[in-house]
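Below are the chains, spelled out letter by letter.
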Amino acid sequence: MPPGHSVLQGLLLMARMRLLPALCFPPALQVRWSKRLLRSSAFSLIVACAVVFAPAVQAAKKSQSLARQIDATLRASPAGRGFWGIEVVRLSDGEVLYARNAQRLFQPASNMKMFTISAALSTLGPDYTFRTTVESSAAPDSAGRVPDLVLVGRGDPNLGSRVLPYQYNSKPRMPADLDFEQLADQLVSKGVREVTGNLYADDTWYVYQPYGTDWAVDDLYWDYGAPITALAFNDNSLTLQIQPAAFAGPKAQILISPGDGYYNVVDDVKTTAAGTPTKVEINRFPGSKELDLWGQIPIGSDGVKEGISIQNPPLFIGEMFRKLLEQRGVKVDGKVVVREVTPAEAASQAEPQKPPQRVVLAEHDSLPLSQDVKVTLKVSQNLHAEMLLRTMSRVLDNKGSLDDGLGILNNFTSKLGISPQEVQFAGGSGLSRATLVSPDALMTLLKFDARQPWFQAFYDALPVGGVDGTLADRFHGTPLQGRIHAKTGSLENVNALSGYMNLPGQRRLAFVIIANHQPLSGAETIKVIDQIALQIYRQFVNSPSRRGDSAWAPSRAR
């Protein structure tokens, strides 16, 4: 076979498949070259085209090689029995480098949060702040009396023990109720000495829909399934600690903080001999304030620590605030009353009601939204994402409802060019099992975000491999440590990882990996996902650069 014959045949085939432009292979030349392959003038042009389009040929080979590697990885593991959706894109020009089931629908788990956060940054802006106030229908009289007090929540998700700005692994801020202590101090400084009527915990900024669509019943008593309220405290959760007694036999010690005494604890956890296994079960029926614990915990154990949800957060906050006032000498003559707007009441209102005219006696303004975004994505905080969905509804449409928030999300994705057939939103956090998205929809979102003026706030909020957030313990000692900024996702039989991967030379890939219907444990599936992520990196780390292929200034993606 003459030199260059096979190269020419391959290039002719690519031309006929319209993978190379007519400049290199116009139809007339294709016919002539098919008859006389090595005519010198034609061969010179072929060589030139081969040089120009070598990167495209190399990229195609790398994609095929990656496909073989991923196929081998899945065949070697029971994970291959599950359903996988993967897409890899060069961010500079939107070129799809690899795709697997990219148009199929998947449960995204907490990858859903990226849609909610992106919509909020786009509509509310990274500088949006949350405002919490204490108000009364009248100013204090000469004796310091007010007819009532109204503690008004407006969606601030960070009133509690978390240190802000976010710091990975920071110790809780103490006391947890510091923000409410400061509100109480402001009241005292305004001369308030007695509340002759009730103390109202006002949760009406949202429609009362404390739980999401298709949440599991056993989600509701853990911190990740805490009720969604506009007046919130400490992620609407408490910390439950179970410690063994000093010797075998007695029951374990149960501590709940903050708010010890809120739950009626039925303790049947026994202290056992050193070396015996720890087995503790926790249960609370929806709507109940009885917390049942049973099992065993050995001497010398570090104990068991779990986050449990607050049954009625506004009432809890109202009672807590009343105690803070009484500690400062402010007498509350009436009761703590929670104000809510049910879905039926909201639907019956022809026009959204205007807030009543009241005197603001104390207020707290949050840090900018960009700081809460970091909390929501770094630690995958479900409550914050769900609150943000309803905050968008309240701010943009004066409704504060789940359905309206979902409508805002659908409008947002539609403007990105995402087809309604590619997304099915049921909540803002991904906890709902009814939420479905395609990898291609997630990729469209990632490409859109990378072109926005607020992208740095979004990018900085993503967990970093081997560094912080939910990726702190992954990719240690690998080339991806510090090079991957991505959102994790986890539900039963579902795991996901999507975000950005930085290559040398300021090149950046966007990627989506979602695994559904997994027969493995979450930890085992995560190992497979991480292996695939590393295969993606190693496959494209030495890819030739394209003009404008910069991580910091990506061009408009397709």
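Peer 1: Talk me through the confidence of the model for the protein chain; I want residue IDs and the actual numbers.
Peer 2: Residues at a pLDDT of 70 or more form 86% of the protein chain, whose mean pLDDT is 90. Across residues 15-23 the pLDDT falls below 50, and counting only partners more than four positions away or on other chains, this stretch makes 12 contacts in the model. Long-range and interchain partners of residues 550-558, a stretch whose pLDDT sits below 50, account for 24 contacts in this model, where long-range means more than four residues apart.

Peer 1: Which residues make up helix 9 (residues 369-378), and what values go with them?
Peer 2: Most of helix 9 sits out of view: 9 of its 10 residues are buried. Taken together, the buried positions of helix 9 are L369, S370, Q371, D372, V373, V375, T376, L377 and K378. Here the buried face of helix 9 lies against helix 5 (113-123), helix 10 (382-397), helix 13 (455-461) and strand 19 (484-491). Phi turns positive, to about 60 degrees, at S380, one or two residues after helix 9.

Peer 1: Please set out the packing of aromatic side chains residue by residue, giving values where relevant.
Peer 2: Scanning the entire structure with this criterion turns up 16 aromatic pairs. Where F233 meets F316, the ring centres are 6.0 Å apart and the plane angle is 20 degrees; that geometry is what we call stacked. Of this pair, F233 sits in the loop between strand 7 (199-202) and strand 8 (237-243) while F316 sits in helix 7 (residues 313-327), and the two are 83 residues apart along the sequence. Look at F233 and you get buried, because its relative accessible area is 1%. Taken together, the ring pairs in this structure connect F180, F233, Y262, Y263, F316 and F321 into an aromatic cluster. We note K289 situated over the ring of Y262; from NZ or CZ to the ring centre the distance is 4.0 Å.

Peer 1: Mind laying out the nonpolar core, listing which residues take part and the relevant values?
Peer 2: Membership of the largest hydrophobic core comes to 60 residues, with the highest contact counts inside it found for F115, L369, F425, F458 and Y500. Secondary-structure elements contributing two or more residues to this core are helix 5, helix 9, helix 10, helix 11 (402-415), helix 12 (439-449), helix 13, strand 20 (494-503) and strand 21 (507-516). The contact partners of F115, leaving out residues within four places of it in the chain, are L409, F412, T413, I418, V423, F425, V437, A441, L442 and L445. Counting 45 residues, the second largest nonpolar core, distinct from the first, contains V134, F233, I297 and V332.

Peer 1: So, the pairing of strand 19: which residues are in play, and what are the values?
Peer 2: Counting buried residues along strand 19, 7 of its 8 residues qualify, which places the element largely inside the surrounding structure. Note that strand 19 and strand 20 share 8 bridges and pair antiparallel. The residue bridging I484 from the neighbouring strand is M501, located in strand 20.

Peer 1: Could you give me a rundown of the sheet that holds strand 4 (residues 145-146), with the residues and numbers involved?
Peer 2: With parallel pairing, the 3 strands of this open sheet are ordered in space as 4-6-14. The sheet is open, and its two borders are formed by strand 4 and strand 14 (331-332), each paired with just one other strand. One ladder, built from 2 bridges, connects strand 6 (residues 194-195) with strand 14; its direction is parallel. Across the sheet, the residue bridging to V195 is V332, located in strand 14.

Peer 1: Tell me what's going on with the side chain of H384, and back it up with residues and numbers.
Peer 2: The topology assignment puts H384 in helix 10. A polar contact of 2.8 Å, which involves the side chain of H384, links it to the side chain of D235. When sequence neighbours within four positions are dropped, the list of residues in contact with H384 reads P157, N158, R162, D235, D372, V375 and T376.

Peer 1: Before we move on, can you summarise the packing of helix 10 against helix 11 with the specific residues and values?
Peer 2: In the contact formed by helix 10 and helix 11, the axes pass within 8 Å of each other and the chain directions differ by 85 degrees. By the angle between their directions, the pair helix 10 and helix 11 is classed as roughly perpendicular. Residues L389, R390, M392, S393, L396 and D397 of helix 10 pack against L402, D404, G405, L406, I408 and L409 of helix 11. Partitioned by chemical class, the residues of the contact of helix 10 with helix 11 number 7 nonpolar, 2 polar and 3 charged.

Peer 1: Lay out the environment of Q69 in plain terms, naming residues and giving numbers.
Peer 2: By the element assignment, Q69 lies in helix 4 (residues 54-75). Taking the C-alpha atoms as reference, Q69 lies 9.4 Å from I536; in sequence the two are 467 residues apart. Residues contacting Q69, with those up to four places away along its chain left out, are Q535 and Q539. One polar contact links Q69 to Q539, side chain to side chain, over a distance of 2.4 Å.

Peer 1: Please provide a residue-by-residue account of the sheet that holds strand 3 (residues 131-136), values included.
Peer 2: Read from one edge of the open sheet, 5 strands run 15-7-5-3-16, paired in mixed fashion. At either end of the open sheet lies a strand with only one pairing partner, and these are strand 15 (336-339) and strand 16 (359-365). Averaged over all pairs of adjacent strands, the angle between strand axes in this sheet comes to 20 degrees, irrespective of strand direction. As defined by bridge partners, strand 3 adjoins strand 16 across 6 bridges and the pair is classed as antiparallel. If you follow T132 over to strand 16, its bridge partner there is H364. Lying on the sheet, helix 7 is in contact with strand 3, strand 5 (149-152), strand 7 and strand 15; it crosses strand 15 at an angle near 145 degrees.

Peer 1: Give me unusual backbone geometry: which residues, what numbers.
Peer 2: Residue L164 is joined to P165 through a cis peptide bond whose omega torsion reads -5 degrees. Note on placement: P165 falls in the loop between strand 5 and helix 6 (178-189). Between M174 and P175 the backbone carries a cis peptide bond, its omega angle lying at -5 degrees. Checked against the element boundaries, P175 lands in the loop between strand 5 and helix 6. A positive phi angle, close to 55 degrees, is found at N101, a residue other than glycine.

Criteria and thresholds
Residues numbered from 1 in each chain as written. Predicted model: local features only at pLDDT ≥ 70, side-chain atom pairs only at ≥ 80, totals over all residues. Heavy atoms only, no water. pLDDT = per-residue confidence, 0-100. Contact = heavy atoms within 4.5 Å. Buried < 20%, exposed > 50% of the residue type's maximum accessible area, 1.4 Å probe, protein only. Helix = DSSP H or I, 4+ residues; strand = E, 2+ residues; numbered from the N terminus. Phe/Tyr/Trp six-rings, centres within 6.5 Å; stacked < 30°, edge-to-face > 60°. Lys NZ or Arg CZ within 6 Å of the ring centre and 35° of its normal. Core = buried A, V, L, I, M, F, W, Y, C linked by side-chain atoms within 4.5 Å. Pairing = 2+ DSSP bridges. Polar contact = N/O pair within 3.5 Å; in protein donor to acceptor, adjacent residues only side chain to side chain. Axes fitted to C-alpha atoms, helices over the stretch in contact; angles between N-to-C directions. Parallel < 35°, antiparallel > 145°, perpendicular 65-115°, else oblique. Nonpolar A, V, L, I, M, F, W, Y, C, P; charged D, E, K, R; others polar.

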